[in-house]
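In case you want the letters, here they are:
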Amino acid sequence: MNEFSELNDRYQSDLDGCSFETLAVRAGQVRTVECEHGEAIFPTSSYVFSSAAEAAARFSGSSAGNVYSRYTNPTVRTFEQRLAALEGGEACAATASGMAAIYAVAIAFLKAGDHMLCSRSVFGATTVLFEKYLRKFGVEITYVELLNLDDWQAKLQPNTKLLFLESPSNPLNEVADIRAIAALAKQAGALFAVDNCFCTPASQQPLALGADLVIHSATKYIDGQGRCLGGAVVGSQELIEQVVGVLRSAGPTMSPFNAWVFLKGLETLSIRMQAHSANALALAQWLEQHPAVVKVNYCGLPSHPQYELAQQQQKLFGGVLSFEVKGGREEAWQVVDATRMISITANLGDTKTTITHPATTTHGRLSEADRARAGIADGLLRVAVGLESVADIQRDLARGLDALKV
Ligand SMILES: *Cc1c(COP(=O)(O)O)cnc(C)c1O
């Protein structure tokens, strides 16, 4: 036992039972022989062995340790352990992006002849992955209304193996009853995966509500500062081992540098999410009383249809809201074009506030009828509220809203 392993043993054993805020700052860290205070980055593709026998033992798995960074990397492992601790899961697999996480889950748990249920309102690339690629391999996909439990129940089939949803939904902020859908999945013997990108574990922990898998685009709030792409899947040891199997063979793993950036992101996640949520609520309240605004979709407003469910299931209401301006596409575009500070981009989960017109960007591929059914009106705008002063965000939106003739 040397000084540094003693330091690590003392450190790790003290983290058991610590609160979310403490785990966010400290879980998963293993100090090296340098006794560094901050987490080390290991930018290495491979690892050396002390002998031929040790190399053979590592390859066969009889000796624990790193072999190659597509399999394991110490910085990535620290990120995985920290996120698993925050989601309340046994294990985590980090991926190159959020889409790589969704891809790995689909490939790990679905095969030809299987069926999955997916809520209608998921991220655009997720729909493309399912429709264009999963279907090609003989997987059946049925879309359901996020809020309609009868629809989830009615569309279950004997071969349903996976239920997948995002909550709150994008861009309408609809809140799914995760507990109730988890019960349906359990009854059907299917896995239930929740894309927790909008909430992050600082607000919502789907595993505690009965989900089997939590999926993240770390690109969004986990980084929170728009620097890196990454993703993750969290769940039981048994399920995550299967996801890791896909990642090792297919290769969309997280880079050590990105893992280090996400570690730093996790350290401030809780206070950032509180600030995003406070700003979003203030903006939603202001928008709701603006004469040029028909409707505000934000689950933190008492006028929101799932306000109570959101309060039960989430600690925070989050940073994303949408609102409908009087008129249609032309008026919505005028509000976008009148902004000077807010970034016109479809990204979200950044310190910088962003605005997008879903009907002509993120949801532009849908037919007019599908958009209408999904509730994406031509006058709808989505704002991912950042960490600027809310007074400045309001002023930037007021310029366009005040100019509309209503
Ligand atoms: C961005 C996003 C993804 C995809 O993540 P990438 O990191 O861009 O691959 C998946 N789901 C949701 C809800 C997202 O917002």
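Cut-off values and rules
- Residues numbered from 1 in each chain as written.
- Predicted model: local features only at pLDDT ≥ 70, side-chain atom pairs only at ≥ 80, totals over all residues.
- Heavy atoms only, no water.
- Domains from an automatic or database assignment.
- Contact = heavy atoms within 4.5 Å.
- Buried area = accessible area lost by both parts, 1.4 Å probe.
- Salt bridge = Lys/Arg side-chain N within 4 Å of Asp/Glu carboxyl O.
- Polar contact = N/O pair within 3.5 Å; in protein donor to acceptor, adjacent residues only side chain to side chain.
- Helix = DSSP H or I, 4+ residues; strand = E, 2+ residues; numbered from the N terminus.
- Nonpolar A, V, L, I, M, F, W, Y, C, P; charged D, E, K, R; others polar.
- Buried < 20%, exposed > 50% of the residue type's maximum accessible area, 1.4 Å probe, protein only.
- Near = heavy atom within 4 Å.
- Areas by Shrake-Rupley, 256 points an atom, 1.4 Å probe, with all protein chains shown as cover.

## Quick look at the domain arrangement of the protein chain
Then, in step 1: Domain annotation of the protein chain identifies domain 1 (69–267) and domain 2 (270–401).
Then, in step 2: With 33 residues of domain 1 at the contact, the number on the domain 2 side is 33 residues.
Then, in step 3: Contact between domain 1 and domain 2 buries roughly 2700 Å² in total, counting both sides, with carbon and sulfur atoms accounting for 51%.
Then, in step 4: Counting every contact that joins domain 1 to domain 2 gives zero salt bridges.
Then, in step 5: Counting the contacts that link domain 1 with domain 2 gives 15 residue pairs in polar contact (both at pLDDT 80 or more).
Then, in step 6: Among the secondary structure elements, those contributing two or more residues to the side of domain 1 that touches domain 2 are α6 (124–134) and α8 (178–188).
Then, in step 7: Residue composition of the side of domain 1 that touches domain 2, grouped by class: 15 nonpolar, twelve polar and six charged.

## Some details on the pattern of salt bridges
Then, in step 1: For the coordinates displayed, the defined rule picks out 14 salt bridges.
Then, in step 2: A salt bridge links K111 to D114; the nearest nitrogen and oxygen atoms lie 3.3 Å apart.
Then, in step 3: The exposure class assigned to K111 is exposed, which follows from its relative accessible area of 52%.
Then, in step 4: A residue is classified by how much of its surface remains accessible, and D114, at 4% relative accessible area, is buried.
Then, in step 5: When the shortest N-O distance is used, the salt bridge between R135 and E131 registers 2.9 Å.

## Focus on the site of the ligand
Then, in step 1: The local shell around the ligand consists of S97, G98, M99, F123, E166, D195, C197, S217, T219, K220 and G230.
Then, in step 2: M99 places a polar main-chain atom, nitrogen or oxygen, 2.9 Å from an oxygen atom of the ligand.
Then, in step 3: Between the ligand and K220, the relevant distance is 2.6 Å, taken from an oxygen atom to a side-chain nitrogen or oxygen of the residue.
Then, in step 4: Alone, the ligand offers 380 Å² of accessible surface; in the complex the protein occludes 92% of this.
Then, in step 5: Looking at the shell around the ligand residue by residue, the class counts come to three nonpolar, five polar and three charged.

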